[in-house]
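Tertiary structure, described
Residues per chain are reported as follows:
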Amino acid sequence: MPEDEREAPDDEIRLDAFLTWIWRGKWLIILLVAAASGVTALTGAQQRETHTANALIEVGRVWGKPLKDIYVTVETANNPAFVQEAAEKANLRPGQLARHVQVAPVESGRPRSFAPILVRVTANTENAEESVRLAQVMAEEIIARHDKLYDEALAPHLDQQRWLEERLKQIGTSPVEQDIALKIRTQLDEVVANNSSPIMTEKTHLIERIVPGSVSRPGNLRSVVTAGLIAGIVGVAIACVIGYFKAARPDRQAA
């Protein structure tokens, strides 16, 4: 007998059987979809909106040299010891600050050659004022630590400036001494310019004051649809399993 004329085995599952099982289990599928969607919608409705506050910090420099690498600043600020110290100063729980505040570099440039230019402190809470407060606490701690680095880095240049000023006062009026005075004055002008120019020397500071930012609301619709879809697939699978075993039971009894 040709192979194409052989009868299909009795246990072959046809497409119409699947459709029949799904139709018989339609109320189970509908119930699961409705339950999953309803629970997800109710859970989403109970979630509160999130308020964001951002603090942008420009890392200071002395004579054109940054006080600290921005990536090092970010890693230090995210360290638990740093967070704990900042929280203690503000009478906060370290976990509260660590949970709601993130510090990251702001990068600029072409792809594959991004360079950090600023430090961003982002606070997310359910209250706008609290978000501003937490961002301020973290930003102030970063700036306070950089102020110490600034004073230490600028101190030798200020000493050099004072020494040149005193030396200039001690020089007489002879031609030789006046030639020396000219060189000292030129050197002093350079030192003063580098010490006072905001382009070359500036403390770490906030770019702008911190204000409440964006408000995020839970995206409930997508979650509801996803939960309903998953529940529907599960319901179809359960209906097919139930239909398969019910169909197989009479055959086993007959055997």
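That block above? That's the structure.
Heads up: these notes are all about the structure in this document. (Residues numbered from 1 in each chain as written. Predicted model: local features only at pLDDT ≥ 70, side-chain atom pairs only at ≥ 80, totals over all residues. Heavy atoms only, no water.)

So, the environment of Ile171
You can see Ile171 is positioned in the loop between helix 6 (128-170) and helix 7 (175-196). For Ile171, a relative accessible area of 15% gives the class buried. On a C-alpha basis, the gap between Ile171 and Ile184 in space is 10.0 Å, while along the polypeptide they are 13 residues apart. The residues touching Ile171, leaving out its near neighbours within four places in the chain, are Glu177, Gln178, Ile180, Ala181 and Ile184. (Helix = DSSP H or I, 4+ residues; strand = E, 2+ residues; numbered from the N terminus. Buried < 20%, exposed > 50% of the residue type's maximum accessible area, 1.4 Å probe, protein only. Contact = heavy atoms within 4.5 Å.)

Let's talk about the packing of aromatic side chains
Counted according to the given criterion, the structure contains two aromatic pairs. Put simply, the rings of Trp21, Tyr244 and Phe245 pair up and form one aromatic cluster. For the cation-ring pair, Lys26 lies above Trp23, with the distance from its terminal atom to the ring centre recorded as 4.1 Å. (Phe/Tyr/Trp six-rings, centres within 6.5 Å; stacked < 30°, edge-to-face > 60°. Lys NZ or Arg CZ within 6 Å of the ring centre and 35° of its normal.)

Observations regarding the pairing of strand 5 (residues 115-125)
In regular strands, side chains alternate between the two faces of the sheet. Two elements, strand 1 (residues 50-58) and strand 5, share seven bridges in a ladder whose sense is antiparallel. Bridge pairing in strand 5 places Asn54 opposite Thr122. In this sheet, strand 5 lies alongside strand 4 (residues 101-108) in antiparallel orientation, the contact comprising eight bridges. The residue of strand 5 that forms the bridge with Val101 is Ala123. (Pairing = 2+ DSSP bridges.)

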